[in-house]
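Chain by chain, the residues:
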Amino acid sequence: DRASYAFAVVSVAVVASRDTEGRLAELKLGLGGLAPRPWRARRFEQALAGGPVTDDRLRVALAAEFATARPLPRNEFKLDLARDAVVATVRELTRGR
């Protein structure tokens, strides 16, 4: 029974590329479980373009991305879960760089 009900409540896909100097050149983000179809986070990507990836910049970029989100009743928690998952994933990808 468990296998048939095992699915992610929220999913995060991040693609990061570096320039020739090893600096973060581009960050792309896709989210699952927040909308009827996968969500490409273009506002988030634009907000982070051209600067360092800090926790403050991540939070501002996520606030911009979710500004127009309208979760269904009892699904509001998914936005907080997605924020935490994005921050953890991006930190992991950019750690020590």
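Everything quoted here is computed from the prediction, not taken from an experiment. (Residues numbered from 1 in each chain as written. Predicted model: local features only at pLDDT ≥ 70, side-chain atom pairs only at ≥ 80, totals over all residues. Heavy atoms only, no water.)

A. Representation of the sheet that holds strand β3 (residues 39–40) in the model. Spatially, β1-β2-β3 is the arrangement adopted by the 3 strands of the open sheet, whose pairing is antiparallel. Of all strands in the sheet, those bounded by a partner on one side alone are β1 (11–18) and β3. Inspection of the sheet shows β1 paired to strand β2 (residues 24–32) by 8 bridges, in the antiparallel sense. Counted as the bridge partner of Val-14 is Leu-29 from β2. (Pairing = 2+ DSSP bridges. Helix = DSSP H or I, 4+ residues; strand = E, 2+ residues; numbered from the N terminus.)

B. Summary view of the packing of aromatic side chains. In total, this model carries 1 aromatic pair according to the counting rule given. With a centroid separation of 5.5 Å and an interplanar angle of 85°, the aromatic rings of Trp-39 and Phe-66 are classed as edge-to-face. Of this pair, Trp-39 sits in strand β3 while Phe-66 sits in helix α3 (residues 55–66), placing them 27 residues apart in sequence. Both residues of the pair, Trp-39 and Phe-66, count as buried. (Phe/Tyr/Trp six-rings, centres within 6.5 Å; stacked < 30°, edge-to-face > 60°. Buried < 20%, exposed > 50% of the residue type's maximum accessible area, 1.4 Å probe, protein only.)

C. Expanded view of the pattern of salt bridges. Taken as a whole, this structure holds 3 salt bridges when the rule is applied. A salt bridge links Arg-83 to Asp-80; the nearest nitrogen and oxygen atoms lie 2.8 Å apart. Of this pair, Arg-83 and Asp-80 are both found in helix α4 (residues 77–94), 3 residues apart, which corresponds to roughly one turn of the helix. A relative accessible area of 27% places Arg-83 in the partly exposed class. A relative accessible area of 46% means that Asp-80 is categorised as partly exposed. (Salt bridge = Lys/Arg side-chain N within 4 Å of Asp/Glu carboxyl O.)

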